[in-house]
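# Examination of the molecular architecture
Read off the chains here:
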Amino acid sequence: MSPSARILGIETSCDETAAAVVAEGNQVLSSVVSSQVDIHARYGGVVPEIAGRAHVDLLTPVVAEALVKAGLDVRGTEDDGGAPGVAAVAATVGPGLVGSLLVGVSAAKALALVWDVPFVAVNHLEAHLYAAFLEEPDLELPLVVLLVSGGHTLLVAMDDHGRYRLLGQTIDDAAGEAFDKVARFLGLGYPGGPAIDRKASEGRGDAIAFPRAMADEGLDFSFSGLKTAVITHVRKHPEVSTADVAASFQEAVVDVLVAKARRAAAAIGASGLCLAGGVAANSVLRERVLDACIADGLRAFVPSRSMCTDNAAMVAAAGWWRLRSDGPSPLDTGADPGLRLAGAR
Ligand code: KG4
Ligand code: ZN
């Protein structure tokens with residue numbers, strides 16, 4: 001395979017240190033994710049300073065492992081001028097924690113300089129959108145993507161590569177943030193999403209009628225009232241089953257997410273509905289999206305769980321499309337913790 005086809009992706013925006021080599025924008029040759037979950041668990045959430053320091057320690061071995069697993073020589077070859085056969089180095093430049101982003105961005109620029117290949121700045125949100133292309137290269141556009149992560153809840157119309165319209169977003173907490181906060185309140189630990197997902201499987205989703213905020217109003221979301229409703233209910237009924245609370249909370253979140261995603265798909269005449277972001281790993285959300293797509297005659301794109309949560313293969317995939325459309329990024333491109341999706345209102 002020609003080295004021009006391979007991109008090294010680097011992801012350090014939050015608490016996963018990740019590197020991957022992807023060929024032709026969608027063939028994953030390696031994808032290494034070193035999670036810092038154990039380091040942050042005792043604090044009940046990500047501690048930015050600790051995350052930044054952990055990335056410094058972990059990134060070099062993670063990149064080396066990704067190159068080796070992709071069958072590349074870390075020391076490079078003479079033919080490639082010392083580069084290990086990659087055409088470009090792509091890294092997440094934002095949004096995220098600034099200290100964490102800086103580690104990946106600085107490393108990616110240094111490698112690009114040393115290997116004399118382009119550096120490609122990648123928007124983390126765009127990378128999540130591209131996760132689906134890794135498993136379904138023939139995705140038909142336009143698509144509606146429901147991007148649900150720890151920091152964002154967005155409904156995005158993807159009209160073409162790099163062309164997005166923001167159809168709706170949360171006006172307060174992100175969906176993942178709501179999962180994490182409710183899990184902490186229920187004593188289920190961190191990260192909250194997978195903990196609630198597991199606990200909910202033992203409970204009844206219709207046990208408690210939690211509110212569905214803004215259910216009939218437009219395509220924006222609100223989750224902070226739901227979190228308060230859970231806290232109020234448990235304080236009033238301390239004997240309530242935690243599994244029922246988890247299942248009913250999850251049901252309320254999923255209900256609103258799926259209802260609005262369907263409405264968005266109908267509004268833009270989308271050919272399909274795609275899930276992205278860490279919350280897209282949720283079992284009930286995945287099932288409901290598949291059911292909704294069958295009912296509405298839409299194609300469903302539900303990436304595997306490991307592609308929904310933060311990884312560097314999606315960064316390399318988005319970097320491949322960015323490199324083709326915009327060319328290399330300037331080496332003075334900085335980390336941008338508040339970066340938005342292009343086209344966002
Ligand atoms: O995309 P991601 O890995 O990182 C960000 O960019 O934020 O998303 C992390 C979020 C966390 O809030 C986590 O609790 C949530 O995704 N999450 C889940 C599940 N797995 C991860 N939420 C619900 N159910 C899950 N199974
Ligand atoms: Zn993410």
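Our structure's up above, just so we're on the same page.
My aim in this report is to walk through the structure given alongside it, one point at a time.

## Description of the pairing of strand 9 (residues 272-276)
- Here strand 9 lies mainly inside the structure; 5 of its 5 residues are buried.
- Residues Gly272, Cys274 and Ala276 point to one face of strand 9 and Leu273 and Leu275 to the other, with burial holding for every one of them.
- Examined bridge by bridge, strand 6 (residues 143-148) and strand 9 share 5 bridges and lie parallel to one another. Pairing of Leu147 across the sheet is with Ala276, part of strand 9.
- Sheet topology places strand 9 next to strand 10 (residues 299-301); 3 bridges connect them, and they run parallel. Within the sheet, the bridge partner assigned to Gly272 lies in strand 10 and is Arg299.
- With helix 9 (residues 283-296) bridging strand 9 and the parallel strand 10, this β-α-β connection has right-handed handedness.

## As for the site of ligand 1
- In the neighbourhood of ligand 1, 19 residues make up the surrounding shell, with Gly150, Asp180, Gly193, Asp197 and Gly278 lying closest.
- Contact between ligand 1 and Asp310: an oxygen atom at 3.1 Å from a side-chain N or O atom of the residue.
- Looking at which element gives the most residues to the shell around ligand 1, the answer is helix 6 (residues 192-200), with 4 residues.
- For the shell around ligand 1, a count of residues per class yields 4 nonpolar, 12 polar and 3 charged.
- Each of two domains, domain 1 (6-129 + 308-326) and domain 2 (140-304), supplies a minimum of three residues to the shell around ligand 1.

## Description of the side chain of Asp310
- Within the element layout of this structure, Asp310 appears in the loop between helix 10 (305-308) and helix 11 (313-326).
- In this structure Asp310 is buried but unpaired, with Arg286 as the nearest side chain of opposite charge at 13 Å.
- Within the local environment of Asp310, its side chain forms a polar contact with the side chain of His124, the two groups lying 3.1 Å apart.
- Among the polar contacts made by the side chain of Asp310, one reaches the side chain of His128 at a distance of 3.0 Å.
- Ignoring anything within four residues of it in the chain, the contact list for Asp310 reads Glu11, Ser13, Cys14, Glu16, Val33, His124 and His128.

## With respect to the coordination of the zinc ion (ligand 2)
- Around the zinc ion (ligand 2), the protein supplies His124 (NE2), His128 (NE2) and Asp310 (OD) as donor atoms, at distances of 2.0 to 2.1 Å.
- In terms of primary sequence, the donors binding the zinc ion (ligand 2) are separated according to H-x3-H-x181-D. Of the two residues, His124 is situated in helix 4 (residues 124-135) and Asp310 in the loop between helix 10 and helix 11; the sequence distance between them amounts to 186 residues. The pair His124 / Asp310 is uniform in exposure class, with both members buried.

The rules behind these values
Residues numbered from 1 in each chain as written. Chains lettered and ligands numbered in written order. Predicted model: local features only at pLDDT ≥ 70, side-chain atom pairs only at ≥ 80, totals over all residues. Heavy atoms only, no water. Buried < 20%, exposed > 50% of the residue type's maximum accessible area, 1.4 Å probe, protein only. Helix = DSSP H or I, 4+ residues; strand = E, 2+ residues; numbered from the N terminus. Pairing = 2+ DSSP bridges. Right-handed = clockwise from strand over helix to strand, strands pointing away. Near = heavy atom within 4 Å. Polar contact = N/O pair within 3.5 Å; in protein donor to acceptor, adjacent residues only side chain to side chain. Nonpolar A, V, L, I, M, F, W, Y, C, P; charged D, E, K, R; others polar. Domains from an automatic or database assignment. Lys, Arg positive; Asp, Glu negative; His and termini not counted. Salt bridge = Lys/Arg side-chain N within 4 Å of Asp/Glu carboxyl O. Contact = heavy atoms within 4.5 Å. Donors = N, O, S within 2.8 Å, 3.2 Å for Na, K, Ca; no water.

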